[in-house]
Every structure is written in C-alpha cells, then in structure tokens.
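Given next are the chains, with one letter for each unit.
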Amino acid sequence: MQKLLSILGYYQRYWRITLFSAAAMSLFEVIDLLVPYATSHILNLISRQPIDRRLQQMIDGLATLLNQTVTQQFSLVVLVGFIGLVTVGRAPIQPWIGSWFSWDTAFRARRDHAEKALKKILTLPLEFYDENNPGRIAARVAKGLSNYTWTYPGITSQLIPKVMRVLGVFVVIGLIDWRIALIVLVSVTGILLHSFIGLKDLSAREERLDKYIENTDSRNSEIISNIKTVKAFGNEMTELKRQTQRLDREFKVLDYRIHKGYTILSTYQRTIVQSCMFVVLTCTLWLTVNNNISIGHFVTV
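Rules of the game
- Residues numbered from 1 in each chain as written.
- Predicted model: local features only at pLDDT ≥ 70, side-chain atom pairs only at ≥ 80, totals over all residues.
- Heavy atoms only, no water.
- Helix = DSSP H or I, 4+ residues; strand = E, 2+ residues; numbered from the N terminus.
- Rg over C-alpha atoms; globule rule 2.2 N^0.38 Å.
- Buried < 20%, exposed > 50% of the residue type's maximum accessible area, 1.4 Å probe, protein only.
- Contact = heavy atoms within 4.5 Å.
- Areas by Shrake-Rupley, 256 points an atom, 1.4 Å probe, with all protein chains shown as cover.
- Lys, Arg positive; Asp, Glu negative; His and termini not counted.
- Charge placed at Lys NZ, Arg CZ, Asp CG, Glu CD.
- Salt bridge = Lys/Arg side-chain N within 4 Å of Asp/Glu carboxyl O.

> If you had to explain the overall build of the protein to someone new, which residues and values would you point to?
When helices and strands are counted, the protein shows twelve helices and zero strands. Going from the N terminus to the C terminus, the protein shows its helices and strands as α-α-α-α-α-α-α-α-α-α-α-α. Taking 2.2 N^0.38 as the reference for a compact globule, 301 residues should give roughly 19 Å; the C-alpha atoms of the protein span a radius of gyration of 28 Å, well beyond that estimate. In terms of principal-axis extent, the alpha carbons of the protein reach across some 95 × 40 × 30 Å. Here the protein holds 301 residues, and 30% of them are scored as buried. Put simply, of all contacts in the protein between residues at least 6 apart along the chain, 77% involve residues at least 24 apart. Accessible surface, the protein: about 19,900 Å² in total, of which carbon and sulfur atoms supply 65%. Within the protein, the 23 negative side-chain charges are centred at a point lying 2 Å from the centre of the 34 positive side-chain charges.

So, in structure tokens, the structure goes:
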C-alpha cells in the first residue's frame, strides 16, 4: 500500500490523464467480455435455443426502430454487427488510449522528476558529498527514476484494467448461474491471496538485492575515480577480488533466491489456475447436460 501511495504521489501532477487512461482501458476490458457473450447467443440462435430476455428485448427494440421483423437472420445480423463494432471499431482507438497515454505520462514524469532531483543535488552542501559517495547518489537517482517509469504503465494499462475485467467476468457469470460465479469468486480470491503473499516475500528479497547492487556500483565508481591511486599501490587484484565477491553475492541472491522464487511462485500459480479452470469447466458441463444453462452460456463461461 505504501508503494502504491508513493507511485500515486509521483504522478500526482498528471492525475487527470491517468484517471482517464485507466478508466478507458478498464472500459475496453469490460466491453471485450461482450464478445463471448454475443458469440454464445449466436450458437443459441443456430441451435434454436432461447436467448437471454434482456438481449431479446434489445433486438426487439432495434427491429421496431428499423421497422424490421424479428427473425433468426435479423438477430444473427445484429449480434455479428455488434461483435464487429466492439472488435474492429475499437482496434484503432485502444493503442492510443492505453499505450500512448500511459507511456507519454511516464516519460513526462521522468523528465520532471529528473530535473527536480538535479536541482536538489545542486543545492546540497559540499559536506554532503564528503559523507556520501557520488556513485551511490547517481545510482539511487537512476534507480528511482527507472522504477517509477517502468512501473506506471503496467499499473494503468494492465493491472487496473485486468482487475476490472475479472470483476466483469464475475458479473457476467453471476448472471448466468450463481453457483459457477461462487466457484470463480473463491478461485480468484485464493489465487490473489497466494500471489500477494509470494510477491511480498520476493519484494523483500529484491530490496536486499538493490542494496547489494548499489554497493557494487558505488565501489566501481570509486575504483574508476581513483584508478591512479589503485595502480600506484598495486591494488588491482585486491579490488578485483573484492568486487568479484560482491558480484558473486548478487548472483546468488538474484538466481537462487529471486529467480528461483518467481519460478516456484509461477509453478504454484499455474497449477492452481488450471485446477480452478478445470473445476469450473466440469461444473459448467454438468449444469449444461442437466439443462440448467444453454450451450451458448456454456461457451461464455
């Protein structure tokens, strides 16, 4: 939560465009769910099964407006036209609403905060630089700017819209059958809790790695800045040995703790997700065979 608030504060100047972009992308994700919904009712029409009352009322109203007779062909044209509008119509719009605004905002904020950091650095007293290594300071500034720049687009164009998509999925399935929706709710909740716990632990490991990398980069800067002194005292091999030990420590944390941790987390995630999907499939099939839901709704779920 603290990191999320920090990100919101970092992009506070651009909150209007951020809100617009995230809301638009979320809307696209929700609208996208209407495609399998419409496709399922195309199957119902072809197989002579009834369609949802709300959808039938919409088709009846459109037929009245256009002075047409409600037939199977007319209903199919309406549904296919709706799918075309949702998919083809949004294709040239979504990249600009999502990708363009997300990255444009991230790059603008990076420029602003880089200028702000430079102003702060130039106003610090000389005593500060006597106590702090210049390489460490530069590394911290670069790391901070990089983290915020690359995190923001993932939140606005991926995380928030996908959360809204999951909520939309739950609503659509809830309208079809509450029992399947309950299974989906329990599954998603369990997956999110497991992922959150795993990512929290990995985040702590990454913070430790950041400190190791910062120390290594700082020492590299010192060696380069004082290379004449290092060579004068013949300390090349000593410095190389020390840096090699630091690099080896970074590698062990990065490979055996972080990378391995993500692999283990992904293994559990995929297993849980596929198991939950199999349970949903089995339950939906059972309800379809027993005529509780239509074939089209089976496809939707």
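Back to the text.
> Hey, could you go over the pattern of salt bridges for me, with residue numbers and the actual values?
For the structure on display, the rule yields twelve salt bridges. Between Arg-165 and Glu-29 there is a salt bridge, with the nearest N and O atoms lying 2.9 Å from each other. Taken together, the residues span a long stretch of sequence, with Arg-165 in helix α8 (residues 134–176) and Glu-29 in helix α2 (residues 15–32) at a distance of 136 residues. A salt bridge links Asp-32 to Arg-90; the nearest nitrogen and oxygen atoms lie 2.9 Å apart. With Asp-32 in helix α2 and Arg-90 in the loop between α5 (72–87) and α6 (94–123), the pair connects residues that are 58 residues apart, well separated along the chain. For Arg-90, a relative accessible area of 17% puts it in the buried group. Residues participating in the shared-partner salt-bridge network are Glu-29, Asp-32, Arg-90, Lys-162 and Arg-165.

> Kindly report on unusual backbone geometry, identifying the contributing residues and their values.
For Asn-67, which is not glycine, the phi torsion reads 60° and is therefore positive. Within the chain, Asn-291 stands out as a residue other than glycine whose phi angle is a positive 60°. Relative to the assigned elements, Asn-291 resides in the loop between α11 (236–289) and α12 (295–300).

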